[in-house]
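# A structural walkthrough
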Amino acid sequence: MDAGLMSQLTLTNVSVKLGQETVVQDVSADLTSSKLYVLVGPNGAGKTTLLKAMASLLPLKDGLIRFNGEELAGQTPARRAESIAYLPQDRSIAWDLACVDVAALGAQHLTPDLARQKSFAELQALGLQEVSDRGVFGLSGGQRARVLLARVLVSPAEVFLLDEPLIALDPAWQRQVLIRLKQRAEAGQTVILSLHDLHLAAQFADQVLLMHKGKLVKMDTPENIFVPELLSEVFNLKGELVSGDGQRTLRLESLPLL
Amino acid sequence: MHVSLRSLSIGLGVAIGVLLIVLMLFGDVPLSGVMWLDAFIHWNSLGSEIVWGIRLPRNLAGIGVGAMLGMSGALMQGLLRNPLAEPGLLGVSAGSGLGAALAIVFGLGLTPFAVESFALIGAAVVAVILLIFVQRFPQRQSLILLGVGLSALCGALMALVFNLSPSPVTTAEMLGWMMGSVANRNWFDVMMCVLGLGAVSAMSLQLGKGLRFLTLGEETARSMGIDMTRLTQVIVIGSSLLAGLSVSVAGVIGFVGLAAPHLVRAFGIKDPYLLIWPSALTGALMVIVSDGLIRLMPPTADVRLGVLTSLVGAPLFAILAYKSARSWMQD
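Remember, predicted model here, so these are calculated numbers, not experimental data.

We now examine the overall build of chain B. In terms of helices and strands, chain B carries 14 helices and 0 strands. In chain B, the order of α-helices and β-strands from amino to carboxyl end is α-α-α-α-α-α-α-α-α-α-α-α-α-α. Since a compact globule built from 331 residues should have a radius of gyration of about 20 Å, the 20 Å found for chain B is in line with a globular shape. Structurally, chain B occupies a C-alpha span of about 65 × 50 × 35 Å along its principal axes. Within the span of chain B, comprising 331 residues, buried residues form 51% of the whole. Sequence separation of 24 or more characterises 77% of the internal contacts of chain B that already satisfy a separation of 6 or more. Counting every atom, chain B has about 14800 Å² of accessible surface; 72% of that belongs to carbon and sulfur. The positive charge centre, built from 17 side chains, and the negative charge centre, built from 14, are 11 Å apart in chain B.

What follows deals with the overall build of chain A. When its secondary structure is counted, chain A shows 9 helices and 12 strands. The C-alpha radius of gyration computed for chain A amounts to 18 Å, which stays within 12% of the reference 18 Å derived for 258 residues, consistent with globular compactness. Dimensions of chain A, computed from C-alpha atoms along their principal axes, come out at roughly 55 × 40 × 40 Å. Counting all 258 residues of chain A, 52% fall into the buried class. The contacts in chain A between residues at least 6 apart in sequence include a share of 65% that link residues at least 24 apart. As displayed, chain A has an accessible area near 11500 Å², and 48% of this comes from carbon and sulfur atoms.

All names here are of chain A. Across all of its chains, the model carries 13 salt bridges over all chains by this definition. With its nearest N and O atoms 2.9 Å apart, the salt bridge here joins Glu 122 to Arg 180. Taken together, the positions of Glu 122 in helix α4 (residues 112-125) and Arg 180 in helix α6 (residues 171-186) put the pair 58 residues apart, joining distant regions of the chain. Using a relative accessible area of 6% as the deciding quantity, one classes Glu 122 as buried.

Moving on: the nonpolar core. Counting 144 residues, the largest nonpolar core has A:Leu162, A:Leu181, A:Leu193 and A:Phe226 as the members making the most contacts within it. The element contributing the most residues to this core is helix α3 (residues 46-80) of chain B, with 15 residues. Grouped together as the second largest cluster of nonpolar side chains are 28 residues, A:Leu9, A:Leu72, A:Ile192 and A:Met211 included.

Another aspect to go through is the pairing of strand β10 (residues 215-220) of chain A. Residues and elements named next belong to chain A. Pairing of strand β9 (residues 207-212) with β10, which is carried by 5 bridges, proceeds in the antiparallel orientation. Looking across to β10, one finds that Leu 209 is bridged to Met 219. Taken together, β9 and the strand that follows it, β10, pair antiparallel across an intervening segment of 2 residues, in which Lys 213 is found at a positive phi of about 50 degrees.

Time to look at the sheet that holds strand β8 (residues 190-194) of chain A. All names here are of chain A. Read across the open sheet, the 6 strands follow the order β6-β7-β8-β3-β9-β10; overall the sheet is mixed. Across the chains shown, the open sheet's two edge strands, defined by having one partner strand only, are β6 (84-87) and β10. Between one strand and the next, the sheet's axes are offset by a mean angle of 15 degrees, whatever the strand orientation. Bridge count for strand β3 (residues 35-40) against β9 is 4 bridges, and the pairing is parallel. Note that in β9 the partner of Val 40 across the bridge is Leu 210. Set on the sheet, α6 makes contact with β3, β7 (159-162) and β8; between it and β8 the angle comes to about 150 degrees.

Moving on, we come to a nonpolar patch on the surface. Among the surface-exposed residues, B:Ile10, B:Val14, B:Val18, B:Ile21, B:Val22, B:Leu25 and B:Phe26 lie close enough to one another that they form a single nonpolar patch of about 660 Å² accessible area. In this fold, B:Phe26 is placed in the loop between α1 (5-25) and α2 (33-41).

Turning to the packing of α3(B) against helix α11 (residues 228-250) of chain B, a few remarks are in order. Residue and element names in this part refer to chain B. At a minimum axis separation of 9 Å, α3 and α11 run at an interaxial angle of 150 degrees. Put simply, α3 runs roughly antiparallel to α11. Here α3 runs over α11; the crossing is left-handed. Contacts from Ala 61, Val 65, Met 68, Leu 69, Met 71, Ser 72, Leu 75, Met 76 and Leu 79 in α3 reach Thr 232, Ile 235, Val 236, Ser 239, Leu 242, Ala 243, Leu 245, Ser 246, Val 249 and Ala 250 in α11.

The rules behind these values
- Once a new chain begins, its residue numbering starts again from 1 and follows that chain's sequence as written.
- Ligands are numbered from 1 and chains lettered from A, in the order in which they are written.
- Note on the predicted model: pLDDT of at least 70 is required for a residue's local features to be given, and 80 or more for side-chain atom pairs to be given and counted; whole-chain, interface and lining totals, by contrast, use all residues.
- To obtain the side-chain values, all non-hydrogen atoms of the structure were included, while hydrogens and water were left out.
- The secondary structure listing takes helices from DSSP runs of H or I that are at least 4 residues long and strands from runs of E that are at least 2 residues long, numbered from the N terminus.
- Just to be clear, the radius of gyration here is over C-alpha atoms, and the globule rule we use is 2.2 Å times residues to the power 0.38.
- The classification of residues rests on relative accessible area computed with a 1.4 Å probe and restricted to protein chains. Under 20% of the type maximum is buried, over 50% is exposed, and intermediate values are partly exposed.
- In this description, contact between two residues means that some pair of their heavy atoms is separated by no more than 4.5 Å.
- Surface accessibility follows the Shrake-Rupley procedure with a 1.4 Å probe radius. Residue values consider only the protein chains on display as shielding.
- Positive charges come from Lys and Arg alone, negative charges from Asp and Glu alone, with His and the N- and C-terminal ends not counted.
- The atom standing in for a charge is NZ when the residue is Lys, CZ when it is Arg, CG when it is Asp and CD when it is Glu.
- A side-chain nitrogen of Lys or Arg and a carboxyl oxygen of Asp or Glu constitute a salt bridge if their distance falls within 4 Å.
- Take the buried residues of types Ala, Val, Leu, Ile, Met, Phe, Trp, Tyr and Cys, join any two whose side-chain atoms come within 4.5 Å, and each joined set is a nonpolar core.
- A pair of strands is treated as paired once DSSP finds two or more bridges between them.
- Between the N-to-C directions of two axes lies an angle of 0 to 180 degrees, each axis being a line fitted to C-alpha atoms and, for a helix, fitted only over the stretch in contact.
- The patches described consist of residues with a relative accessible area above 30% and no salt bridge, like charges being joined within 9 Å and nonpolar side chains (Val, Leu, Ile, Met, Phe, Trp, Tyr) within 5 Å.
- Roughly parallel here means an angle under 35 degrees, roughly antiparallel means over 145, roughly perpendicular means 65 to 115, and every remaining angle is called oblique.
- Crossing handedness is read from the near helix: turned anticlockwise from the far helix by less than a right angle, it gives a left-handed crossing, and turned clockwise, a right-handed one.

If you want it as structure tokens, here you go:
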């Protein structure tokens with residue numbers, strides 16, 4: 001992609017407080033388009049809080065977040081929503097709308113007909129063409145998760161922030177969804193997701209953001225993140241990344257609990 | 001069952017129209033053919049007074065009050081993302097009832113517009129407290145908690161007013177008001193309904209995106225560009241205005257606001273924005289059906305409108321609660 005067309009999400013010394021506790025501390029990173037970023041870290045590392053801060057759902061205690069040079073805090077919610085789409089962990093849907101109508105909520109920039117068409121295509125890509133006209137209350141957890149993901153993917157946003165998008169998905173669909181997200185990144189969007197499965201993070205991420213105790217320990221390629229020292233320090237795991245044939249495989253074994 | 005929004009609205013509109021005509025034909029005083037003719041020719045005749053001065057305003061007030069309750073219920077359920085929400089949940093109806101009770105106990109029961117005005121003031125006081133609170137805590141859980149608290153407080157104060165009531169006559173008058181009725185309503189009441197419905201309908205036109213995005217939760221709605229504080233304020237104002245006006249016109253009429261949106265959903269219309277207006281029509285139909293049933297009973301029975309809607313509504317509420325409980329078990 002031409003450098004001039006690249007979009008950029010810039011975090012500068014971002015800290016976020018929840019109650020009395022500083023949950024995210026002094027995080028700085030430049031996230032550019034056409035890449036798939038994966039946030040990893042143990043429970044309580046601050047992944048969700050950081051994603052919410054990037055989506056402007058939480059006020060910053062310190063620092064600033066800019067998109068293409070413009071500070072997000074100064075923009076109206078509607079304007080921010082045009083550039084950034086967010087998928088929360090909360091999968092609740094209040095009313096029994098048809099799947100295609102739920103997905104189409106993300107495509108309000110289009111006419112209703114076009115929004116439905118685009119949503120149907122996205123549902124199809126996520127294997128839900130059979131149920132697209134059915135109410136969401138009758139879906140399995142995995143299907144519901146994919147419908148909600150489709151809502152994000154039909155939006156015109158340049159940045160997708162996805163909090164644990166693979167929860168409730170079976171292994172086959174976890175990979176399919178990551179392949180789909182990778183395609184979107186290759187098409188020029190910035191995809192940032194949090195993930196607990198380090199194997200999948202190692203295989204699919206262009207860049208990994210390793211978080212621990214609210215801090216960004218390191219942002220780098222999987223090869224440079226999944227090294228024995230960091231795995232043992234952050235996750236209390238013994239392991240290493242093996243690369244070959246264009247594939248990255250993470251071998252892990254647990255260490256005795258500290 | 002799936003019915004298009006258009007067909008459902010037309011169906012409800014026709015049903016209301018037919019029922020209105022039927023109800024116009026019956027009343028405490030039977031009208032002869034000559035009296036009917038008089039009603040259309042001689043403005044000062046008894047027939048004219050009964051038809052245009054008593055029956056039509058009563059029926060229209062019933063339609064208006066039902067529509068306000070149905071619309072208010074749909075707005076509350078959409079905002080709170082809860083099928084069990086209803087206009088009284090946030091304490092506005094209780095505040096309104098307290099206002100009316102105070103007017104009666106102060107001896108203003110017969111002063112024109114006094115009870116209505118006090119009822120509206122009671123609703124407005126509760127609404128203002130809610131709005132100040134929303135500015136600081138826009139989350140729906142906090143709003144529900146405050147509403148339940150305000151409702152309980154107004155209920156307790158109302159009990160105190162009953163307790164200290166100067167005479168059994170005053171108590172009976174307050175009780176009568178609490179049980180709800182559209183009998184003997186005049187054109188002023190009808191006008192209040194029309195103004196309330198018009199104002200809140202206009203306000204509701206801007207709620208489409210907000211209510212729909214809110215289907216996916218507050219966080220998602222905010223991330224999609226919705227200003228939740230503003231959305232909550234607009235809905236609290238609209239819903240309070242409707243609930244306050246309905247109590248002011250007809251006293252306390254329970255369960256219409258809860259049930260109307262459910263009945264619309266049963267026809268396949270699940271969109272929280274699109275069901276606002278059919279819920280209003282359904283509420284209107286429910287109230288005039290109930291009012292019609294009351295008029296079929298012998299006058300000595302004197303069953304009040306609010307009592308009848310609650311008698312029908314409470315079991316319905318229990319069924320809905322049971323269904324919800326079952327669906328939560330499956331989650």
